[in-house]
Amino acid sequence: MDQMPNQPKHVALIPAAGSGSRMGSATPKQYAPLAGRPLIEHAVHTLCRHPRIDQVFVVLAPGDRDFAACDWRCCGDKLMPLYCGGETRAASVFNGLLAANDAIDGNDWVLVHDAARPCLTAADIDRLLAALKDSEVGGLLAVPVADTLKRANAEGEVLQTVAREQLWRAQTPQMFRYRVLIEALRRADIAAVTDEASAVEQTGARPLLVGGSTGNFKVTYPEDLALAELVLQQFHGKR
Ligand code: C5P
């Protein structure tokens with residue numbers, strides 16, 4: 001997509017270098033079959049097809065041989081694999097941001113999205129971009145906590161009911177200015193970072209929560225695949 005002068009680009013960065021050990025399969029979960037395709041294709045296709053996303057970087061394990069075998073025909077030259085995944089998700093994101101440095105300006109937006117969230121929709125992306133367009137920092141898709149929350153001891157006994165007001169479940173994409181995100185990750189204890197927003201929060205900035213959809217959940221356990229397939233059929237017309 002052609003850029004207007006001085007308009008920041010929107011670049012997606014997809015960490016996909018995990019082993020997915022909680023899936024209990026030898027195949028990393030990003031390549032598990034889902035609705036007739038490897039799981040990773042769903043979110044990557046959605047991001048590549050979105051008219052306001054200019055480029056899509058995918059961070060892969062250095063020895064990955066499955067990515068090249070996927071069907072990327074609809075992605076054109078927007079798609080760019082980076083074989084620089086790290087020990088943790090945050091390390092993969094940081095390595096990817098460094099590797100993509102020449103293609104991104106400090107003011108550009110980076111949308112970090114888990115490969116393991118295949119049910120992302122174009123409407124989710126539209127909402128995020130619209131909500132953050134005037135922000136200097138960025139924010140993330142999230143959904144308010146609906147269940148009652150309990151804090152337990154090591155024996156699984158309830159110690160306390162935790163008030164759920166103002167509690168949200170963080171999703172992805174998490175969208176930040178490139179300079180804000182790379183500086184936050186540089187300063188953070190990477191091993192302790194579970195999402196981009198937590199690193200940005202530690203700098204004193206306040207990422208904005210943007211209402212997401214419950215369908216944009218992370219595939220973590222084998223039973224999540226059946227649920228993701230239903231969501232894809234229902235909302236994306238995929239079977
Ligand atoms: O394991 P988890 O579900 O938290 O992974 C979230 C995303 O981060 C997945 O897309 C996974 O492939 C990616 N990841 C990564 N590098 C790692 C671990 C996870 O890119 N070392």
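Residues numbered from 1 in each chain as written. Predicted model: local features only at pLDDT ≥ 70, side-chain atom pairs only at ≥ 80, totals over all residues. Heavy atoms only, no water.

S.K.: Please explain the overall build of the protein chain as it appears in this structure.
M.R.: Secondary structure assignment for the protein chain yields 6 helices and 11 strands. A compact globule built from 239 residues should have a C-alpha radius of gyration of about 18 Å, and the protein chain, at 18 Å, falls within 12% of that. With the principal axes as the frame, the protein chain shows a C-alpha extent of 55 × 40 × 35 Å. Scored against the burial criterion, the 239 residues of the protein chain give a buried share of 49%. A sequence separation of at least 24 residues applies to 71% of the contacts in the protein chain between residues at least 6 apart. For the protein chain, the distance from the average site of its 25 positive side-chain charges to the average site of its 28 negative ones is 3 Å. (Helix = DSSP H or I, 4+ residues; strand = E, 2+ residues; numbered from the N terminus. Rg over C-alpha atoms; globule rule 2.2 N^0.38 Å. Buried < 20%, exposed > 50% of the residue type's maximum accessible area, 1.4 Å probe, protein only. Contact = heavy atoms within 4.5 Å. Lys, Arg positive; Asp, Glu negative; His and termini not counted. Charge placed at Lys NZ, Arg CZ, Asp CG, Glu CD.)

S.K.: Is there a simple way to explain unusual backbone geometry in this structure?
M.R.: Most of the time, phi is negative for any residue but glycine, and the peptide bond is trans. The linkage connecting Thr-172 with the following residue, Pro-173, adopts the cis geometry, with an omega of 5 degrees. Non-glycine residue Ala-35 carries a positive phi angle of around 50 degrees. Tracing the backbone through its elements, the reader meets Ala-35 in the loop between strand S2 (33-34) and strand S3 (37-38). The phi angle at Gln-166 is positive, at roughly 65 degrees, despite the residue not being glycine. The topology assignment puts Gln-166 in the loop between strand S9 (158-162) and strand S10 (168-177).

S.K.: Which parts of the structure should I look at to understand the pairing of S9?
M.R.: Here strand S8 (residues 149-152) runs beside S9; their pairing, made up of 4 bridges, is antiparallel. Bridging from a neighbouring strand, Ala-152 pairs with Val-158 of S9. (Pairing = 2+ DSSP bridges.)

S.K.: Can you walk me through the packing of helix H2 (residues 89-99) against helix H4 (residues 178-187) in this structure?
M.R.: When two helices pack together, their arrangement is captured by the angle between the axes and the distance separating the axes. Axis separation between H2 and H4 bottoms out at 10 Å; the angle between their running directions is 130 degrees. By the angle class used here, H2 and H4 are oblique. In the crossing of H2 with H4, the sense of the turn from one axis to the other is left-handed. Of the residues in H4, those touching H2 at Val-93, Phe-94, Leu-97 and Leu-98 are Tyr-178, Leu-181, Ile-182, Leu-185 and Arg-186. (Axes fitted to C-alpha atoms, helices over the stretch in contact; angles between N-to-C directions. Parallel < 35°, antiparallel > 145°, perpendicular 65-115°, else oblique. Left-handed = near helix turned anticlockwise from the far one by under 90°.)

S.K.: Please clarify how the pairing of strand S7 (residues 138-144) should be interpreted in this entry.
M.R.: One face of the sheet, then the other: side chains in a regular strand alternate in exactly this way. Of all 7 residues in S7, 6 are buried, a share of seventy percent or more. Of the pairings in the sheet, the one linking S7 to S10 comprises 6 bridges and is antiparallel in character. Counted as the bridge partner of Ala-142 is Ala-170 from S10. Where S7 and strand S11 (residues 208-211) come together, 4 bridges link them in parallel fashion. Of the residues in S11, the one forming a bridge with Gly-139 is Leu-208.

S.K.: How do you make sense of the site of the ligand when you look at a structure like this?
M.R.: The environment of the ligand is made up of 16 residues, and the closest members are Pro-15, Ala-17, Lys-29, Gly-86 and Ser-92. Between Ala-16 and the ligand, the recorded distance is 3.3 Å, taken from a backbone N or O atom to an oxygen atom. Contact distances for the ligand include 2.7 Å between a nitrogen atom and a side-chain N or O atom of Ser-92. When the ligand sits alone it has 460 Å² of accessible area, and the protein chains cover 86% of it. (Near = heavy atom within 4 Å. Polar contact = N/O pair within 3.5 Å; in protein donor to acceptor, adjacent residues only side chain to side chain. Areas by Shrake-Rupley, 256 points an atom, 1.4 Å probe, with all protein chains shown as cover.)

S.K.: Is there a simple way to explain the sheet that holds strand S6 (residues 109-112) in this structure?
M.R.: Read across the open sheet, the 7 strands follow the order S5-S4-S1-S6-S10-S7-S11; overall the sheet is mixed. What marks the edges here is a single partner per strand, and that holds for strand S5 (79-82) and S11. Pairs of neighbouring strands in the sheet enclose a mean axial angle of 30 degrees, with direction left out of account. Where strand S4 (residues 55-60) and S5 come together, 4 bridges link them in parallel fashion. Directly across from Val-59, in S5, lies its bridge partner Leu-82. Across the face of the sheet, helix H1 (residues 39-49) comes into contact with strand S1 (10-16), S4 and S5 while running at roughly 155 degrees to S4. Packing against the sheet, H4 makes contact with S6 and S10, and its axis sits at approximately 115 degrees to S10.

S.K.: I would appreciate a short explanation of the side chain of His-10 in the present structure.
M.R.: Topologically, His-10 is positioned in strand S1. The buried category is assigned to His-10, whose relative accessible area is 8%. Not counting chain neighbours up to four residues away, the residues in contact with His-10 comprise Arg-52, Ile-53, Asp-54, Gln-55, Trp-109, Leu-111, Leu-129 and Met-175.

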